[in-house]
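Results of the structural survey
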Amino acid sequence: MQIQPLIMTLQGGFERLWNGCHRKVFSWLLVLACYCLVTSAAKPKMPGHTHLNSIRIDGDISLGGLFPVHARGNDGKACGELKKEKGIHRLEAMLFALDRINNDNELLPNISLGARILDTCSRDTHALEQSLTFVQALIEKDSTDVKCLSGGPPIITKPERVVGVIGASASSVSIMVANILRLFKIPQVSYASTAPELSDNTRYDFFSRVVPPDTYQAQAMVDIVKAMRWNYVSTVASEGNYGESGVDAFIQKSREDGGLCISQSVKIPREPRVGEFDKIIHRLSENPNARVVIIFANEDDIRRLLQAAKRANQTGHFIWVGSDSWGSKIAPILNQEEMAEGAVTILPKRQSIKGFDRYFISRTLENNRRNIWFAEFWENNFQCKLSRHAVKKGSGIKKCTNHERIGKDSTYEQEGKVQFVIDAVYAMAHALHNMHKDLCPGKVGLCSKMDTINGTLLLKYIRNVNFTGIAGTPVVFNVNGDAPGRYEIYQYQISNNTTEYKIIGHWTDQLYLNTDEMQWPGGTQEVPSSICSQPCRAGQRKKTVKGIPCCWHCESCDGYQYQADTYTCKMCRFDLRPNENHTGCVPIPIVKLEWSSPWAVIPVLIAVLGIIATLLVVVTFVRYNDTPIVKASGRELSYVLLTGIFLCYATTFLMISTPDVFVCSLRRIFLGLGMSISYAALLTKTNRIYRIFEQGKMSVSAPRFISPASQLVITFSLISVQLLGVCIWFGVDPSQAIIDYEDQRTSNPEMARGVLKCDISDLSLICLLGYSMLLMVTCTVYAIKTRGVPETFNEAKPIGFTMYTTCIVWLAFIPIFFGTSQSTEKMYIQTTTLTISVSLSASVSLGMLYMPKVYVVLFHPEQNVPKRKRSLKAVVTAATMSNKFNPKGGLRPNGEAKSELCESLETQDCVEGGEPCEGL
C-alpha cells in the first residue's frame, strides 16, 4: 500500500473539512484514516528495516520527537540533504535532555523517559505520515487474519505508548501533526513553531510551545522598523503557516500602530520554479524607496533569495529584517555574506548551553550509535566517507578515520533553538513529575493510575508548570499554551574582513535598541532610508496617495494659509497673516497716514498757507471793517464765508491725525461743514443778486429777504441741513475708529497691512459731501444766470469764476478718488486727493473773492472811498433800463446808469424806505 499519496489526499480533505462546520465528522474520518494507515504500516517489513527512519529509546514513559533532520526533497523524493544545525543539533538536544532527566534523582525519581524520534524532512505531509507512529498504541487492531505456520496464536508486539510529543519545528508541520494528536489527546510541546494560528486554543487545544508566538515577534519587528524611522517596507513569506501567518501578523500590527506601509508582499511558493527567486528580487526592486524587506521564510528560501539578489547585483541595496527562522544562523548566508551585511534579525532570547557543547563535541560514532543519522552527519561534517567503496578516485573526498573530532576538525557553533528543545523536554518532565506526585503520592516508580496516562490531565499539568529553564529563564505557559515574548535583536556585521551576528538590543514587551552598535552596508553608521516620501518642509501639508498613507505629495500652504496640522492648511484669521514659513499666523502690521509721509506733507503745506492767507484776510477786514470796499463785500456773509474757508483748511489736519473716536467724530462734523458754510454763503449771495435783477425786470420794487439779517438767516438755514444730517448719522451709527484689513489685503501676505481709519465708507463720504456738492452746483447755476449783470456789480462775476473753477476741481477729484479704490496705496492717494481738493476749493474762493479786495484795501487806499448816494430803487431802475434799451451800454466804461448803480451799491449807504442798506 502506498501511504504517501493517500496522506496527501487525506490532507486536502482534512483541510477542507476542518475549514467547514462539520468538525465532528472530520474527527471520525481522521480516526478511520489513521486506523487504516497504521494497520498498513504495522505489517511486517523486511528484516533489519524496522525503525530505520526513527530513533527508539526504551523507558518507563515514552515521549515523541519530531525534528527536521533532512531538508525537503526534490524530484518526488520525500527527503533531501541533511540539516546539521536545525536537524542534528536539535535532535541531540532532546537526547541530551533525556540523559539529564534520567540521571536526575530529584526529577521523576526511579522513572525513566524513553523516546521515539522521527524525521519530518521539513515537509508537513511527510511529518503527518511519520507521526502516525505515535498513535499506533491507541488504536485496537484486528489480528484474526494473522496466522502462524505452526498453527499457534500469533505473538504481536504492542508498540510503546507515546504520552507527549516534543516538536515540531516548522509551524506548518506542527499544525498538521496537532490536528491528529488532539484527536488522541496527546499533548504537544513545540520548541520552534511560532505561527500565530497555533494560539487558537479551540483548534489546537493540546498544543503548547516554549517559544513566543509570532504575534510578539511581529510586534518586535514593527518596533524595530519604527525605531529606525522606516515607514515603507516590503514583505517576503514562505508559503505555509509560518511564513504567511508571520507576515499577516506583521501587517496587522503595523496597521494597529499606524505609520507603516507595505510596498510589496511576496510569497515564495512551496515548490518554487526555476527563476522564481529572480522574479521576486525584480518585484522587490520595482520600488527603490522600499529598501527594507521583512522576511518570514525558512532557511532554504532565505539562502536562495540572497543568491538571487546577488545575481541581480543588488549588494548593499536591500536591508533585511529577518524573523527567528533566520536568527543567527550561518547556513542561510554562507558564501554570500556581502548580501546579508546589515541584516537585522530576531531570535527568542536564548543562551548557549555550555553543558550541551561539552556533550555534543564529545559525540563519536562509537558512543552515539542510538542516533541513526549521526553517521550521515559525520560524513557531511567532516567531508569524508565511512565506506571505502563510496570513495571515488579523483573526487577529493577522503575516507573517515573515526578519529575526527567535532569542533577540532570542523567548525562548531551551537544552534539557536537548542535551549528551547531542552526546555520543552523539561516542561514535559516537570508536568509528569507533578502528575506523579498527585496521582502516586509516596510511590516509587509508576503506579497503576499512571499505567495509562490521561492526555487531558497531562495537558493541565503542562500548562501549570513554572520552573527555571536550563538557561536561567522561567518557563511558563499562558492559557493558550504560549510562552512569554523575550527576544534578542541581532545584526549581521562585517568588520575588518570578519563577520559576526552582533547583539544590538532586546525586546520584552518593549524594544531596547543600541543604535550606536549598529553598522550598515559599507561600514557606515548612517541609517539607510526606507521611506516612500520625503518629509514635507515647514509650511507644507501632506496629500496622501490613495490607499497608501505613507506616500504623499507635499503641497505648500500658500496665500494666507498656514499649516494647521500635517494634512491641513487653514486660512489665517482676518487680522492675521502667515509667518515666514507658513507654520502659524502673526498679526498684520497696522498702518496710518504719518505726518512725515510725502502724502501728508503737501496737503499740510497747502493748508498752512491757506490758513495764513485766510487769517490775513480776516485781520484786514476787521482792521478796515468800516471802509467802503469791506462794506460793499457784505461783511456778515464775508465773515461766514471766511469761517467756512478756514474750516476747509483745518479739515486737512483732522484727516491726517491718528484716528480715534474723537478725531473721527470731528471728521464727520467738519469735513462737510466747512464746504457747506462756504457754498451756503456763496449761494445766498448769488441768489440775492439774481432775485434783485429778476425783480427789476418786472417792477421797480425791491425783492424780499435781501437785508443782511435775512441773508444770515438763509445761510444758517442751509448750514443747519448739513448739521442735521450729521446728527442723524451720529444717532444711527456712532463714530468709531476701525482697522480695515481688506483695504491693503494684497495677494502677497508679506505686503498686507491693516489700515487704521475712521468708519467712513466711500458711500458715507459721498453722502457727507453730497449736500455741499448740491450747494456748489446750485450756486454755479445762479452764477451762470447772473453772468449778464454789470461787470462790477457786487461779486457776481468773481463768484461765477469761483464756482466754475471749483466744479473743475471736484470733477477731477471724483475719478482720482474712486479710480484708486483698488490700489494698495488707496489710503494715501484718497486722503491726499480729498484734502487737496477741499483746500483748492477754499483757495479758489479765497483768491478770487477776497484777495483783490485786500489788495485794494492795502495797496490802493485811494480807491477805497465812498461814492455819491442814490436810492436803491432809482439805481436798480436805471441799471435795468440801461441794460434793456442799450445792451451795449453796460459795456461802456463810462455808462452812466451802470456807474451810478455800482457806486450806489459799493458805498452801501443808500437808504431804502428810510432804512440803511449795505451792498446787494
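1. Structural notes on the sheet that holds strand S2 (residues 61-67)
Taken together, the six strands give an open sheet; going across it, the order is S1-S5-S2-S6-S7-S8, and neighbouring strands pair in mixed fashion. Of all strands in the sheet, those with a lone pairing partner are strand S1 (54-57) and strand S8 (207-209), marking the two edges. Neighbour-to-neighbour, the strand axes of this sheet turn through a mean angle of 20°, independent of strand direction. Summarising the sheet, S1 and strand S5 (residues 113-119) pair through four bridges and their orientation is antiparallel. In the sheet register, Arg56 faces S5, and the bridge partner there is Arg116. The sheet strands contacting helix H13 (residues 418-439) are S2, S5, strand S6 (162-166) and strand S7 (188-190), and the helix crosses S6 at an angle near 155°.

2. Some words on helix H3 (residues 84-102)
Between the first and last C-alpha of H3 there are 26 Å, a value that for 19 residues agrees with the 27 Å anticipated at 1.5 Å per step. Of all 19 residues in H3, 14 are buried; the element is thus mostly enclosed.

3. A closer look at the state of the cysteines
Within this structure, the stated rule accounts for nine disulfides. Cys261 shares a disulfide with Cys550; S-S distance 2.2 Å. Between Cys261 and Cys550 the disulfide shows an S-S torsion of about 85°. By sign, it is right-handed. Taken together, the residues Cys261 in strand S10 (residues 261-268) and Cys550 in strand S22 (residues 548-556) connect sequence positions 289 residues apart. Each of the two residues, Cys261 as well as Cys550, counts as buried. Each disulfide pairs two cysteine sulfurs, and for Cys572 the partner residue is Cys585, the sulfurs being separated by 2.0 Å. Since a negative S-S torsion denotes a left-handed disulfide, the Cys572-Cys585 link at about -85° is left-handed. Here Cys572 is found in the loop between strand S24 (568-571) and strand S25 (576-578), whereas its partner Cys585 is found in strand S26 (residues 585-587), with 13 residues between them in sequence.

4. Section: the pairing of strand S9 (residues 232-238)
Of all seven residues making up S9, seven are buried, and the element is well covered by its neighbours. On S9, burial covers both faces: Tyr232, Ser234, Val236 and Ser238 on one face and Val233, Thr235 and Ala237 on the other are all buried. Inspection of the sheet shows S9 paired to S10 by six bridges, in the parallel sense. By the bridge assignment, Thr235 is partnered in S10 with Ser265. Traced from S9 through helix H7 (residues 241-257) to S10, the parallel crossover comes out right-handed.

5. Considering empty space enclosed by the protein
Counted by the stated rule, this structure contains five cavities of 30 Å³ or more. Lining the second largest cavity are 14 residues; nearest its centre among them are Val210, Phe420, Thr473, Pro474 and Arg486. Among the secondary structure elements, those contributing two or more residues to the lining of the second largest cavity are H13 and strand S17 (474-475). Of the residues forming the lining of the second largest cavity, the biggest block, three residues, is contributed by H13.

6. Notes on unusual backbone geometry
Looking along the chain, the bond that leaves Gly167 and enters Ala168 is cis, with omega of 0°. The topology assignment puts Ala168 in the loop between S6 and helix H5 (171-181). Even without being glycine, Asn110 reaches a positive phi, approximately 60°. Inspection of the secondary structure assignment puts Asn110 in the loop between H3 and S5.

7. Points about the sheet that holds strand S28 (residues 737-744)
Pairing is mixed in the open sheet, where three strands are placed in the order S27-S29-S28. Each end of this open sheet is capped by a strand with a single partner; those strands are strand S27 (590-591) and S28. Across two bridges, the pairing between S27 and strand S29 (residues 753-758) is parallel. If you follow Ile590 over to S29, its bridge partner there is Gly754. Strands in contact with helix H22 (residues 826-849) are S27, S28 and S29; relative to S28, the strand with the most contacts, it is inclined by about 120°.

8. Examining a nonpolar patch on the surface
On the surface, Leu605, Val608, Leu609 and Ile612 cluster together to form a nonpolar patch covering roughly 370 Å² of accessible area. Position of Leu605 among the secondary structure elements: in helix H15 (residues 598-623).

9. Focus on the nonpolar core
Judged by nonpolar contacts, the single largest core of 67 residues is most densely connected at Met94, Leu113, Tyr191, Leu432 and Leu458. The greatest single-element share of this core, amounting to 13 residues, is contributed by H13. Non-local contacts of Met94, meaning those with residues more than four positions away in its chain, are made with Leu63, Gly64, Gly65, Phe67, Ala115, Ile117, Ile166, Val421 and Val425.

10. Points about the packing of aromatic side chains
Aromatic rings considered in pairs are described by the distance between their centres and by the relative angle of their planes. In total, this model carries 21 aromatic pairs according to the counting rule given. An angle of 40° between the planes, with centres 5.3 Å apart, marks the rings of Phe318 and Trp320 as tilted. A ring pair is formed by Phe356 and Tyr359, whose centres lie 6.0 Å apart and whose planes are at 40°; its orientation type is tilted. Linking Phe356 with Tyr359, this pair stays in helix H11 (residues 354-361), spanning three residues, or about one helical turn. Here the aromatic residues Phe96, Phe356, Tyr359, Phe360, Phe374, Phe377, Trp378, Phe382 and Tyr412 are joined through ring pairs into a cluster of three or more. Lying over the aromatic face of Tyr560, Arg745 brings its terminal NZ or CZ to 3.9 Å of the ring centre.

11. Focus on the pattern of salt bridges
Side chains that differ in charge, positive against negative, can pair when their charged atoms come close. Evaluation of the coordinates by the stated rule reveals 22 salt bridges. With a closest N to O distance of 3.8 Å, Lys417 and Asp324 form a salt bridge. Placement of Lys417 in the loop between strand S15 (398-399) and H13 and of Asp324 in the loop between strand S12 (319-322) and helix H10 (337-340) is noted, with a sequence separation of 93 residues between them. Classification of Lys417 by relative accessible area gives buried; the value is 3%. Of the charged contacts in the structure, one is a salt bridge between Arg668 and Asp733, with a shortest N-O distance of 3.7 Å. One end of the pair, Arg668, is in helix H18 (residues 661-698); the other, Asp733, is in the loop between helix H19 (708-732) and S28, and 65 residues separate them in sequence. Exposure remark for Arg668: the relative accessible area of 0% places this residue in the buried category. On the basis of relative accessible area, Asp733 is assigned to the partly exposed category, the value being 30%.

12. Some thoughts on the environment of Ala227
Note that Ala227 resides in helix H6 (residues 214-227). By relative accessible area, Ala227 is classed as partly exposed at 40%. C-alpha of Ala227 to C-alpha of Thr515: the two residues are 288 residues apart in sequence and 9.3 Å apart in space. Setting aside chain neighbours within four positions, we find Ala227 in contact with Leu511 and Leu513.

13. Thoughts on the pairing of strand S13 (residues 344-348)
Burial of S13 is extensive: five of the five residues sit out of reach of the surface. The two faces of S13 match: Val344, Ile346 and Pro348 on one face and Thr345 and Leu347 on the other face are all buried. Alignment of S12 against S13, held across two bridges, turns out to be parallel. Among the inter-strand pairings, Gly322 is bridged to a residue of S13, identified as Thr345. Sheet topology note: the S13/strand S18 (residues 487-495) ladder contains five bridges and is antiparallel. Along S18, the bridge assignment pairs Val344 with Gln491.

Criteria and thresholds
Residues numbered from 1 in each chain as written. Predicted model: local features only at pLDDT ≥ 70, side-chain atom pairs only at ≥ 80, totals over all residues. Heavy atoms only, no water. Pairing = 2+ DSSP bridges. Helix = DSSP H or I, 4+ residues; strand = E, 2+ residues; numbered from the N terminus. Axes fitted to C-alpha atoms, helices over the stretch in contact; angles between N-to-C directions. Contact = heavy atoms within 4.5 Å. Expected span 1.5 Å × (residues − 1). Buried < 20%, exposed > 50% of the residue type's maximum accessible area, 1.4 Å probe, protein only. Disulfide = S-S within 2.5 Å. Right-handed = clockwise from strand over helix to strand, strands pointing away. 1 Å grid on protein atoms, 1.4 Å probe; cavity = no way out; pocket = protein on both sides within 12 Å on 5 of 7 lines; lining within 4 Å. Points joined across faces, edges and corners; volume = space filled by probe spheres on them. Patch = residues over 30% accessible without salt bridge, like charges linked within 9 Å, V, L, I, M, F, W, Y side chains within 5 Å. Areas by Shrake-Rupley, 256 points an atom, 1.4 Å probe, with all protein chains shown as cover. Salt bridge = Lys/Arg side-chain N within 4 Å of Asp/Glu carboxyl O. Core = buried A, V, L, I, M, F, W, Y, C linked by side-chain atoms within 4.5 Å. Phe/Tyr/Trp six-rings, centres within 6.5 Å; stacked < 30°, edge-to-face > 60°. Lys NZ or Arg CZ within 6 Å of the ring centre and 35° of its normal.

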